[in-house]
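Understanding the architecture of this molecule
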Amino acid sequence: MPSMSIELNRWVQCRTVLLDIEGTISSISFVKDVLYAYALDRLTTLARHSWDDPAFQDLIAGFPEETKADAQTLLAHVEDLTRRDVKAVYLKQLQGKIWKTGYDNGDLKTPLFDDVIPTLGAWKGAGKTLAVFSSGSVQAQLQFFSVVEDGSTTRDLKPLFAAHFDPTIAGSKLETKSYEKICRDLGQEAAEVTFLTDNVKEAEAATDAGVLTILVDRPGNAPLSQESRARFPVIQKLTDLP
Ligand SMILES: CSCCC(=O)C(=O)COP(=O)(O)O
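In this report, we go over the structure that sits alongside the text. (Residues numbered from 1 in each chain as written. Predicted model: local features only at pLDDT ≥ 70, side-chain atom pairs only at ≥ 80, totals over all residues. Heavy atoms only, no water.)

1. Describing the overall build of the protein
Check the secondary structure of the protein and you find 11 helices and eight strands. In terms of overall size, the protein behaves like a compact globule, its C-alpha atoms giving a radius of gyration of 19 Å where 242 residues would be expected to give roughly 18 Å. Each principal axis of the C-alpha distribution contributes one length, and for the protein these read about 60 × 40 × 35 Å. Counting across all 242 residues of the protein, residues that qualify as buried make up 50%. Pairs at least 24 residues apart make up 67% of the contacts formed inside the protein by residues separated by at least 6 positions. Across the protein, the centroid of the 26 positively charged side chains sits 3 Å from that of the 34 negatively charged ones. (Helix = DSSP H or I, 4+ residues; strand = E, 2+ residues; numbered from the N terminus. Rg over C-alpha atoms; globule rule 2.2 N^0.38 Å. Buried < 20%, exposed > 50% of the residue type's maximum accessible area, 1.4 Å probe, protein only. Contact = heavy atoms within 4.5 Å. Lys, Arg positive; Asp, Glu negative; His and termini not counted. Charge placed at Lys NZ, Arg CZ, Asp CG, Glu CD.)

Here's what the structure looks like:
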């Protein structure tokens, strides 16, 4: 871990925590096996049975023309993007709209890692501002946090967060200028912001913007190289941070 005591000092003094979702506060498996599968399944039904319905055409309005020649072409394209986890903005917009149905009708509930709800509550209680930067659309983020499993019940965690960013607002998660914009939008110096992510390329971009970046190594994530472990602080749980 790089100069962990210095990094911890920066963490303690940071005023804003910017959070990634997939692989950081919720499992990659939930996003891929549940959310992505739900969107694909529902899209398949709609494409096959409601292709000419104006509401369906509205849903896919953002897709490039050549991908929506017919239902088969569209579905093959979405399956390919989904399999490769390509974070295309038009796919993320579509998924968000489809997940709305699932969250509204009770099909979908969000599981977060066990340490997340208590720790986010504690950080907010201690005066830190919480914000989210995800490839998922802001609409999808709001739904994702509106029905969160907490023991035998569900909770709406939206009030925890002061701001939500997606690539349509902030730019690509792989670009330094996106993190600079987020800091500006939050009215914070980069040195006052900590970004938690599982993605090394995102960590590099955020670090270059001057943001303290901590890698979160969750079960089910891709293994981190020794080089990444040497370059960034790494935690397994949010409770690893004081
Ligand atoms: C609530 S958005 C669902 C997750 C998602 O679609 C996604 O692409 C996650 O990306 P992240 O940048 O949060 O890893």
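Don't stop here, the text continues.
2. Concerning the environment of A140
With respect to the helices and strands, A140 occurs in helix α7 (residues 138-146). When near neighbours in sequence (up to four residues on either side) are disregarded, A140 contacts G96 and W99.

3. Section: the pattern of salt bridges
Inspection of the entire model under this criterion finds 17 salt bridges. As a salt-bridge pair, K173 and D20 come within 2.6 Å of each other at their nearest N and O atoms. With K173 in the loop between α8 (167-170) and α9 (176-186) and D20 in the loop between β1 (16-19) and α2 (28-49), this residue pair connects regions lying 153 residues apart in the sequence. Here K173 and D20 have matching classes, each one buried. Residue K158 is joined to D156 by a salt bridge in which the shortest nitrogen-to-oxygen separation is 2.9 Å. By sharing partners, the salt bridges in this structure join E22, K32, D85 and K87 into a single network. (Salt bridge = Lys/Arg side-chain N within 4 Å of Asp/Glu carboxyl O.)

4. Some thoughts on the site of the ligand
For the ligand, the set of nearby residues contains 16 residues, the closest of which are D20, K92, S134, S135 and K173. One of the side-chain N or O atoms of S134 is found 2.7 Å from an oxygen atom in the ligand. Contact distances for the ligand include 2.9 Å between an oxygen atom and a backbone N or O atom of S135. Coverage of the ligand by the protein amounts to 98% of the 400 Å² it exposes when considered alone. Sorting the residues of the shell around the ligand by element identifies α2, α5 (89-104) and α7 as the ones contributing at least two each. Looking at the shell around the ligand residue by residue, the classes come out as seven nonpolar, four polar and five charged. For the shell around the ligand, the two domains that each supply at least three residues are domain 1 (8-26 + 110-240) and domain 2 (31-104). (Near = heavy atom within 4 Å. Polar contact = N/O pair within 3.5 Å; in protein donor to acceptor, adjacent residues only side chain to side chain. Areas by Shrake-Rupley, 256 points an atom, 1.4 Å probe, with all protein chains shown as cover. Nonpolar A, V, L, I, M, F, W, Y, C, P; charged D, E, K, R; others polar. Domains from an automatic or database assignment.)

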